[in-house]
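In case you want the letters, here they are:
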Amino acid sequence: MGFLLVLFIIICIVAYKTIKVVRQSEVYIIERLGRFHKVADAGLTIIVPFIDKVRSVVSLKQQTMDIPPQGVITSDNVTITIDTVVFYKITDPAKAVYEIQSLKKGIEYLAITTIRDIVGKMELDQTFSSRDQINDRLRVILDEATDAWGCKIDRVEIKDITPPADIRDAMEKQMNAERNKRALILEAEGERQSAITLAEGRKQAAILDAEADRESKIRRATGEAEAIKQVADAKAKEIQMVYDAIKKADPDDKLVQIKSLEALKEVAKGDANKIFIPFEATKALSSLGAASEVVKKRRNEE
């Protein structure tokens, strides 16, 4: 009975050493007698007990690694602290195990030295505005360096750039000054635009007033001219009617002369300095002058 129990235990140990179940997204690095033998993919794997050995379990998932915050001196002698994260994936598990002692330490040291080299050539303001450029350069350099280790660098992201406290205060003051400057510029621009708009409004109003006044004068003058024309037409009609009546009545010369004198009297009441007297009216005046002389002579004789 004891022998069977020992045999059962030995069988269990052999089975445990022989049968390996590899999980998804993982691989086993199998060594045989201390040398690399194979890479066992996901699923059931049979190995020779006491001869084959699982050297390492390597994850094929994308992994992240936080780089400790590093103090970096920029080209304008400002010390800033940069916090970085690296996204990488193992593409060759055997190289990741055998080509470097510690893959994570290697990536970390490479990232630190590369950050200091890149940022050390930039000024402080440039580091804040060139994050994408820094990320791309870091990724390319790390990817080339870690290719021999069976590793692929997918992304590198700078999480934070922290300048010293006095530099932060100076930057905040500068930012506030820039905000105040922009506010003043926008206010002045608004006032200028408002003044321009008001001036344009006054100009348009003056133009419209002038056009309205001109249109009013034109209409008034047109109305007056129309009225004068209508009055002239009416007078002409009256004169024509009088002329037609006189012509139809066939008056003698004395009546015509008397009517001429009456018309002359009305003309003399006007403001004109010169009066043109018709020839027929001069005849009537001469006749009246002669008649008055005869009357005066008879009175003197009496």
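Heads up: the structure comes first, above all this text.
This one's a predicted model, so the numbers in the text were calculated from it and none came from an experiment.

Let us look at the pattern of salt bridges. Enumeration according to the criterion identifies 11 salt bridges in this entry. Here Arg23 ties to Glu26 by a salt bridge, and the two come within 3.1 Å at their closest N and O atoms. Overall, Glu26 belongs to the buried group, its relative accessible area being 16%. Note that Lys121 and Asp117 form a salt bridge whose closest N and O atoms lie 3.9 Å from each other. Beyond isolated ion pairs, a larger network of salt bridges with shared partners links Asp66, Asp83 and Lys159.

Time to look at the packing of helix α3 (residues 103-119) against helix α5 (residues 131-146). At a minimum axis distance of 10 Å, the contact between α3 and α5 shows a crossing angle of 140 degrees. Compared by their axis directions, α3 and α5 come out oblique. Between α3 and α5 lies a crossing whose hand is right-handed. Two secondary-structure elements touch here, α3 through Ile107, Leu110, Ala111, Thr114, Ile115, Ile118 and Val119 and α5 through Ile134, Arg137, Leu138, Ile141, Leu142, Ala145 and Thr146.

In this structure, Ile80, Ile82, Leu103, Ile107 and Ile153 are the most contacted members of the largest nonpolar core, which totals 33 residues. Where this core is concerned, the elements lending two or more residues are β2 (26-32), β6 (63-73), β7 (79-90), α2 (93-98), α3, α5 and β8 (151-162). If one sorts the elements of this core by residue count, α3 sits on top with seven residues. Within the second largest apolar cluster, five residues are counted, among which are Val22, Tyr28, Ala40 and Ile47.

With that out of the way, let us pick up the sheet that holds β2. Overall, antiparallel pairing links the three strands, which are arranged β3-β2-β5 in an open sheet. Only two strands of the sheet have a single neighbouring strand rather than two, namely β3 (35-40) and β5 (52-59). Averaged over all pairs of adjacent strands, the angle between strand axes in this sheet comes to 25 degrees, irrespective of strand direction. Where β2 lies against β5, seven bridges are found, and the strand directions are antiparallel. Each residue of the ladder has a partner; that of Ile29, found in β5, is Ser56.

Not every positive phi belongs to a glycine, and Phe50 is a case in point at roughly 65 degrees. With respect to the secondary-structure elements, Phe50 resides in the loop between β4 (43-46) and β5. In this structure Phe50 comes out as exposed when scored by relative accessible area, which is 67%. Phi at Asn77 takes a positive value of approximately 60 degrees, unusual for a residue other than glycine. Looking at where Asn77 falls in the secondary structure, it is placed in the loop between β6 and β7.

What follows covers the sheet that holds β8. One open sheet holds the three strands; their spatial order is β6-β7-β8, and the pairing between them is antiparallel. At either end of the open sheet lies a strand with only one pairing partner, and these are β6 and β8. On average, each strand axis in the sheet is inclined to that of its neighbour by 25 degrees, with strand direction left out of account. Where β6 and β7 come together, nine bridges link them in antiparallel fashion. Paired with Gln63 across the bridge in β7 is Tyr88.

Rules used in this analysis
- Residues numbered from 1 in each chain as written.
- Predicted model: local features only at pLDDT ≥ 70, side-chain atom pairs only at ≥ 80, totals over all residues.
- Heavy atoms only, no water.
- Salt bridge = Lys/Arg side-chain N within 4 Å of Asp/Glu carboxyl O.
- Buried < 20%, exposed > 50% of the residue type's maximum accessible area, 1.4 Å probe, protein only.
- Axes fitted to C-alpha atoms, helices over the stretch in contact; angles between N-to-C directions.
- Helix = DSSP H or I, 4+ residues; strand = E, 2+ residues; numbered from the N terminus.
- Parallel < 35°, antiparallel > 145°, perpendicular 65-115°, else oblique.
- Left-handed = near helix turned anticlockwise from the far one by under 90°.
- Contact = heavy atoms within 4.5 Å.
- Core = buried A, V, L, I, M, F, W, Y, C linked by side-chain atoms within 4.5 Å.
- Pairing = 2+ DSSP bridges.

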